[in-house]
Amino acid sequence: MGLMDQVELPQPVKYVFNWGRKYSLWCFNFGLACCAIEFIAASTSRHDFIRHGVIPFAHGPRQADLLVVSGTLTDKMAPAVKRLYEEMAEPKYVISFGSCANCGGPYWDSYSVTKGVDQIIPVDVYVPGCPPRPEALLDGIIALQHRIQNESLKDRIAGRRLDPVTLGADAPLALEGSSS
Amino acid sequence: MSELETKERIQPGSAPGEDVAFEIIGDGDFPTTDMSLSIGPAHPATHGVFRIVLEMDGERVKRATPVIGYMHRGFEKLAEYRDYRQIKALVNRHDWLSGFSNELGVALAVETMLEMEVPDRAQWIRMLMAEWNRILNHLMFIGSYALELGAITPMFYAFRERDDIQALMESATGGRLHFTYNQVGGLKIDLPKGFLQESRRISTQVRERLPDYDDLVLGNEIFHGRTKGVGPLSTDVALSIGVTGPTLHATGVPEDSRVTEPYLKYGEIDVKVPVGENGDAFDRFYCLLRRIDASLDIIDQVHDHIPAGPVNSKLPKMVKAPEGATYVRTENPLGQLGYWLESDGGRTPWRLKMRTPSFSNVQAIPHLMEGALLPDAISILGSVFFVVGDIDR
């Protein structure tokens with residue numbers, strides 16, 4: 001990194017740089033439960049998110065840009081998720097896929113379930129559903145790409161994140177990036 | 001059975017047809033320390049958050065200890081706080097690959113307690129859906145097991161079929177994984193128009209495409225080398241620890257509650273149970289693949305049997321099971337699923353105890369892994385088919 005976290009890039013360079021980043025998201029799938037099956041469905045031939053530039057073959061968290069937490073996070077599992085997130089290099093993005101990862105979902109009153117992955121790691125995009133359809137994940141990825149295209153890497157590394165996007169609840173996608 | 005007859009017994013860890021002979025150099029007193037190797041909880045080969053701690057002596061596994069509980073979500077306790085309609089939305093999530101079969105078990109348990117007559121049409125449709133769900137489950141494991149052995153392609157083949165079947169089931173139930181189609185006393189709604197035609201079409205299509213898996217995986221030399229003779233499970237051990245489903249069938253025991261203790265209308269049709277011989281990883285996979293054939297046979301028979309009539313019965317505003325207890329066992333895709341339902345007459349169950357197949361099946365893993373080579377450990381882990389949510393509940 002070096003320079004990137006100190007200097008704001010000039011607009012044309014920033015545009016090209018972010019354009020390159022948003023279409024090469026190496027994705028680390030943290031498959032926990034049912035939603036992981038829909039994640040796999042989204043990566044196979046019919047839905048095929050590789051055409052959006054998401055590459056689901058990251059060898060580990062250290063090589064990944066995007067963490068997709070899909071499934072129920074339990075209190076016993078939470079330290080492992082936190083640790084793997086911290087192993088990822090900045091800039092890193094998190095998609096919370098499914099109701100359990102968003103807020104606990106159907107286990108909202110369970111004694112052993114963490115009520116949302118955002119309690120331990122920051123989330124960029126929430127994809128609601130139990131489990132969400134593969135199309136919803138594609139939508140979430142596009143929302144994240146809008147965000148990457150319009151963000152300042154300097155701010156991102158300095159920890160100044162934008163508010164998370166919740167699919168279906170927030171403003172239309174086209175508006176989301178243009179305000180920043 | 002032709003593949004099984006020609007099967008040859010080989011030593012674990014050797015190439016087919018080649019004997020292993022280890023020569024000990026020196027006085028055999030070379031001091032090594034045992035190494036503890038933790039696989040998981042976030043390891044791709046455990047498809048989920050299953051953790052296993054291996055005690056290694058060089059390349060050999062001395063002892064394997066599964067560590068479970070990373071996906072414990074407290075289903076049994078939560079069920080005590082949900083009424084009988086809501087439970088179904090809960091139980092179809094513990095084994096997320098066989099949602100329909102899970103909710104079927106609970107529906108049957110409540111109906112047994114209420115001594116309720118379920119319309120014939122509903123029972124036949126339940127069978128149809130349960131078998132489609134079984135195929136969905138098996139396809140997933142066929143894809144993922146091959147993936148763990150290093151072949152990516154079968155996953156794409158498996159999901160080609162899965163997407164068609166999921167679209168079919170979605171047209172009737174509205175869900176892709178969690179159907180919530182059962183109700184106490186029947187089904188939520190009737191089948192949509194043209195469902196049976198579509199179901200027939202997809203059944204023919206899946207049957208035509210099944211030889212692809214035979215050629216691609218079962219007939220693959222690398223697959224033979226990785227699975228034949230690896231992790232043989234003896235019938236005695238399997239029965240003593242309560243292993244069921246394809247893992248038990250692979251040892252040669254055709255125990256299947258659809259045959260031995262038929263529920264719904266399974267008694268009226270012909271149910272085939274494919275069995276293996278050696279109980280090794282190859283046989284387990286073989287049984288899984290052949291069970292798709294068997295399920296397609298059942299589906300074809302069910303198509304001709306579905307009668308006209310209502311699909312649900314009239315229910316009171318609040319379903320309350322009478323005081324008492326019951327145990328219902330059904331054949332889930334991965335083995336025998338049992339629900340012990342105890343009621344004190346209130347609107348929620350007093351206790352719902354689950355006997356899940358994956359929990360019993362993973363008990364076999366320490367037996368299978370003892371003495372295996374480390375690369376075979378992944379092959380063994382994948383061949384004992386389990387869903388982590390079904391282990392931990």
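Quick notes on the rules
- Residues numbered from 1 in each chain as written.
- Chains lettered and ligands numbered in written order.
- Predicted model: local features only at pLDDT ≥ 70, side-chain atom pairs only at ≥ 80, totals over all residues.
- Heavy atoms only, no water.
- Helix = DSSP H or I, 4+ residues; strand = E, 2+ residues; numbered from the N terminus.
- Buried < 20%, exposed > 50% of the residue type's maximum accessible area, 1.4 Å probe, protein only.
- Contact = heavy atoms within 4.5 Å.
- Areas by Shrake-Rupley, 256 points an atom, 1.4 Å probe, with all protein chains shown as cover.
- Lys, Arg positive; Asp, Glu negative; His and termini not counted.
- Charge placed at Lys NZ, Arg CZ, Asp CG, Glu CD.
- Buried area = accessible area lost by both parts, 1.4 Å probe.
- Salt bridge = Lys/Arg side-chain N within 4 Å of Asp/Glu carboxyl O.
- Polar contact = N/O pair within 3.5 Å; in protein donor to acceptor, adjacent residues only side chain to side chain.
- Nonpolar A, V, L, I, M, F, W, Y, C, P; charged D, E, K, R; others polar.
- Core = buried A, V, L, I, M, F, W, Y, C linked by side-chain atoms within 4.5 Å.
- Pairing = 2+ DSSP bridges.
- Axes fitted to C-alpha atoms, helices over the stretch in contact; angles between N-to-C directions.
- Parallel < 35°, antiparallel > 145°, perpendicular 65-115°, else oblique.

**Remarks on the overall build of chain B**
Scanning chain B from terminus to terminus reveals 16 helices and eight strands. Summarising its shape, the C-alpha atoms of chain B cover approximately 80 × 45 × 30 Å along the three principal directions. The burial tally for chain B puts 57% of its 393 residues in the buried class. Partitioning the contacts of chain B with sequence separation of at least 6, the portion at a separation of at least 24 is 73%. Accessible surface, chain B: about 15300 Å² in total, of which carbon and sulfur atoms supply 52%. Positive and negative charge centroids in chain B, built from 41 and 55 side chains respectively, lie 10 Å apart.

**Points about the interface of chain B and chain A**
If you look at the interface, chain B gives 33 residues, while chain A gives 32 residues. For the chain B and chain A pair, buried surface summed over both sides reaches about 2700 Å², with 62% attributable to carbon and sulfur atoms. Looking only at chain B, the three residues that lose the most surface to chain A are B:Tyr70, B:Arg73 and B:Arg176, adding up to 20% of its buried area. Here chain B and chain A share four salt bridges between them. Note that A:Arg133 is salt-bridged to B:Glu170, the shortest N-O span being 2.5 Å. Linking chain B to chain A there are 13 residue pairs in polar contact (both at pLDDT 80 or more). If you list the elements that add at least two residues to the side of chain B that touches chain A, you get α2 (75–79) and α6 (153–173) of chain B. For the side of chain B that touches chain A, the per-class residue count stands at 17 nonpolar, six polar and 10 charged.

**A closer look at the nonpolar core**
Counting 142 residues, the largest nonpolar core has B:Trp132 and B:Met369 as its most contacted members. At 15 residues, the largest contribution of residues to this core is made by helix α5 (residues 120–148) of chain B. In this structure B:Met369 touches B:Ile52, B:Leu54, B:Val61, B:Ala64, B:Ala377, B:Ile380 and B:Leu381, once residues within four positions along its chain are discounted. In this structure, A:Ala42, A:Val125, A:Val127 and A:Leu144 belong to the second largest nonpolar core, which totals 23 residues.

**Some thoughts on the pairing of strand β7 (residues 335–343) of chain B**
Side chains on a regular strand alternate between the two faces of the sheet. All names here are of chain B. Within β7, seven of the nine residues are buried, leaving the element largely enclosed by the surrounding structure. Here strand β6 (residues 324–332) pairs with β7 via nine bridges, running antiparallel. Residue pairing for β7: Ala-325 is matched across the bridge by Glu-342. The hairpin formed by β6 and β7 contains two residues between the paired strands. Bridge count for β7 against strand β8 (residues 351–355) is five bridges, and the pairing is antiparallel. If you follow Gly-338 over to β8, its bridge partner there is Arg-355.

**Here we look at the side chain of B:His138**
Considering the arrangement of structural elements, one finds B:His138 in helix α5. If we ignore the near neighbours within four places in the chain, the residues touching B:His138 are B:Leu288, B:Arg291, B:Ile292 and B:Pro333.

**A closer look at the packing of helix α2 (residues 34–43) of chain A against α6(B)**
Look at α2(A) against α6(B): their axes get within 10 Å of each other, and the N-to-C directions meet at 110 degrees. It follows that α2(A) is roughly perpendicular to α6(B) by the angle criterion. Together, A:Ile37, A:Glu38, A:Ile40, A:Ala41 and A:Ser43 of α2(A) and B:Met155, B:Phe156, B:Phe159, B:Arg162 and B:Gln166 of α6(B) make up the contact between the two elements. In the contact of α2(A) with α6(B), the residues fall into six nonpolar, two polar and two charged.

**Describing the pattern of salt bridges**
Applying the stated criterion across every chain yields a total of 38 salt bridges over all chains. One salt bridge in this structure joins B:Asp256 and B:Arg258, with 2.9 Å as the shortest N-O distance. Residue B:Asp256 is classed as buried on the basis of its relative accessible area of 0%. Residue B:Arg258 is classed as buried on the basis of its relative accessible area of 3%. One salt-bridge network, held together by shared partners, links A:Arg46, B:Arg160, B:Glu161, B:Asp164, B:Arg209 and B:Asp212.

In short, geometric facts, not functional conclusions.
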